[in-house]
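# Commentary on secondary and tertiary structure
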Amino acid sequence: MAEEQGRAGDEGEERIIALLEGLGWRKRGDTNIDIECDYKYHPERGNKYGVDGYMTYDGPYKDKERGFIIESKNIKWGSYGPKDFKEWADSTLEKVEAVPESDDFDKYLNFETPRIVNAGILSVWTRDEENYNHDTFDPYRDEVSIYPKKRRKFQILTLGNKDLNRLASIHSEFESIENRERTNSIEFFYPPRSESHSARTSLLNLEYLLSDYIFARAEIDQSFQNMTVSRDIGIVFYFDSLELDSLNFMYRAVMEHGMEDVDELWVYMYDDQGEDIQLASVKEEFKNNGLPETLSGDGPDIDMKTLKKVNYASHADTLLEEN
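One structure accompanies this document, and this report is about it. Everything numeric in this text was worked out from a predicted model, so none of it was measured.

## Examining a negative patch on the surface
Taken together, the side chains of Glu-175, Glu-178, Glu-321 and Glu-322 make up a negatively charged region of the molecular surface. The set of elements that each furnish at least two residues to the negative patch consists of α5 (161–180) and α9 (312–322). Here Glu-175 lies in helix α5. Glu-175 sits in the partly exposed class, given a relative accessible area of 30%.

And the structure:
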């Protein structure tokens, strides 16, 4: 049943699966599986669909566990372009459409468990990282048109080097806080919606993987004058622009969506461009003259931090070694 791929492909899928497992997803069955399916909406292709991986999670805002087809490309910059990217995305969509309809899928991957399976992850890692250009890569996504053959809704999330490095940085700092501090608990935080309560979980779900603001909450023991006090810490992983207006918008979201009661607010700003002078200046302006200073009432103490950029390939390899 093994899908025929080279070592580079195997390495790619192992990495993305390891990182998503670290972010609360669950791997199901084996990797590199050929699923047989005679899918009537794909008459132009054969009946074998090679699946790099299959993962699930039981997340907030959904009544049923979700399943995801995982696809990975581990390539060199310059060896692909918009046409290749579109073919990969189209192929991923075909697998998301067809594979869940197969008896093989239930037998080898889903194990006859009722789940919502209507989404996929396409991870594209450029291994000659020095040549990767996100401004060139990002428009490739705009060239991808999703035209399912049936009247169903599907989601395909594509991740390039910049996105994968960002996720690795989140996971690395999340683990670091847990290991560095006297942490009683630390979980990602999902604000309440009109039809649901807020939620805390170790899972970073599909919709939040590339969000500009990712919230977490931690309970940490801190010592003051020979006393140990438990403090409720709000955490924001911040990926918006390095501008005062954006920081003010983030703070308003914090105060309006379930974290107004924390004792401290740690804001981790991601600077992958090395703009240290701008970052330091914006931090100072926000702390001294931003929205926290103009709102009435007492807000949480704010600690502005820099989220260290972590390399995805190195971080994922470390996770694989630990497992």
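## Describing empty space enclosed by the protein
Inspection of every chain in the model, using the stated rule, returns one cavity of 30 Å³ or more. In this model, the largest cavity occupies a volume close to 30 Å³. Contributing to the lining of the largest cavity are Glu-71, Lys-73, Trp-88, Ser-91, Thr-92, Lys-95 and Leu-122. Of all elements in the fold, only β5 (66–75) and α2 (82–98) reach the threshold of two or more residues within the lining of the largest cavity.

## Focus: the sheet that holds strand β11 (residues 227–238)
Within the open sheet, the six strands sit side by side as β9-β8-β10-β11-β12-β13. Their pairing is mixed. Of all the strands in the sheet, just β9 (199–201) and β13 (301–307) have a single pairing partner and so form its edges. Across the sheet, the mean angle from the axis of one strand to that of its neighbour is 30°, orientation sign disregarded. Across five bridges, strand β8 (residues 183–190) lies against strand β10 (residues 213–224) in antiparallel orientation. The partner of Thr-183 across the bridge, within β10, is Ile-220. Packing against the sheet, α5 makes contact with β8, β10, β11, β12 (264–270) and β13, and its axis sits at approximately 150° to β8.

## Details of the nonpolar core
Membership of the largest hydrophobic core comes to 47 residues, with the highest contact counts inside it found for Trp-25, Phe-188, Leu-204, Leu-206, Leu-209, Ile-235 and Phe-237. A per-element tally of this core places α5 first, with six residues. Aside from chain neighbours lying at most four places away, what touches Ile-235 is Ile-177, Ile-186, Ile-214, Phe-215, Ala-216, Ala-218, Met-259, Leu-265, Trp-266 and Tyr-268. Ranked by size, the runner-up nonpolar core spans 22 residues in total, among them Leu-242, Val-254, Val-262 and Met-304.

## Re the pattern of salt bridges
Using the criterion set out here, one finds 16 salt bridges in the structure. Of the charged contacts in the structure, one is a salt bridge between Asp-163 and Arg-141, with a shortest N-O distance of 3.0 Å. Here the residue Asp-163 occupies a position in helix α5, and Arg-141 occupies one in helix α4 (residues 134–142), the gap between them amounting to 22 residues. Here Arg-231 makes a salt bridge to Glu-264, at a shortest N to O gap of 3.2 Å. In this pair, Arg-231 is assigned in strand β11 and Glu-264 in strand β12, connecting sequence segments 33 residues apart.

## Points about the pairing of β5
Counting buried positions along β5 yields nine of 10 residues, so the element is predominantly enclosed. As defined by bridge partners, strand β4 (residues 53–57) adjoins β5 across five bridges and the pair is classed as antiparallel. Bridge pairing in β5 places Met-55 opposite Phe-68. Of the strand pairs in this sheet, β5 and strand β6 (residues 116–126) are connected by 10 bridges, and their pairing is parallel. In the sheet register, Phe-68 faces β6, and the bridge partner there is Ala-119.

## Considering the packing of helix α6 (residues 244–256) against helix α7 (residues 276–289)
Where α6 contacts α7, the two axes come as close as 10 Å, and the packing angle between them is 50°. When the interaxial angle is binned, α6 and α7 end up oblique. The way α6 lies across α7 gives a crossing that is right-handed. Seen from α6, the contacting residues are Leu-244, Leu-247, Asn-248, Met-250 and Tyr-251; seen from α7, they are Val-282, Glu-285 and Phe-286. For the contact of α6 with α7, the residue count by class is six nonpolar, one polar and one charged.

## Topic: the sheet that holds β6
Strand order in the open sheet formed by five strands is β1-β4-β5-β6-β7, with mixed pairing between adjacent strands. For this open sheet the edge positions go to β1 (26–27) and β7 (155–159), each flanked by a neighbour on one side alone.

Thresholds applied
- Residues numbered from 1 in each chain as written.
- Predicted model: local features only at pLDDT ≥ 70, side-chain atom pairs only at ≥ 80, totals over all residues.
- Heavy atoms only, no water.
- Patch = residues over 30% accessible without salt bridge, like charges linked within 9 Å, V, L, I, M, F, W, Y side chains within 5 Å.
- Areas by Shrake-Rupley, 256 points an atom, 1.4 Å probe, with all protein chains shown as cover.
- Salt bridge = Lys/Arg side-chain N within 4 Å of Asp/Glu carboxyl O.
- Lys, Arg positive; Asp, Glu negative; His and termini not counted.
- Charge placed at Lys NZ, Arg CZ, Asp CG, Glu CD.
- Helix = DSSP H or I, 4+ residues; strand = E, 2+ residues; numbered from the N terminus.
- Buried < 20%, exposed > 50% of the residue type's maximum accessible area, 1.4 Å probe, protein only.
- 1 Å grid on protein atoms, 1.4 Å probe; cavity = no way out; pocket = protein on both sides within 12 Å on 5 of 7 lines; lining within 4 Å.
- Points joined across faces, edges and corners; volume = space filled by probe spheres on them.
- Pairing = 2+ DSSP bridges.
- Axes fitted to C-alpha atoms, helices over the stretch in contact; angles between N-to-C directions.
- Contact = heavy atoms within 4.5 Å.
- Core = buried A, V, L, I, M, F, W, Y, C linked by side-chain atoms within 4.5 Å.
- Parallel < 35°, antiparallel > 145°, perpendicular 65-115°, else oblique.
- Left-handed = near helix turned anticlockwise from the far one by under 90°.
- Nonpolar A, V, L, I, M, F, W, Y, C, P; charged D, E, K, R; others polar.

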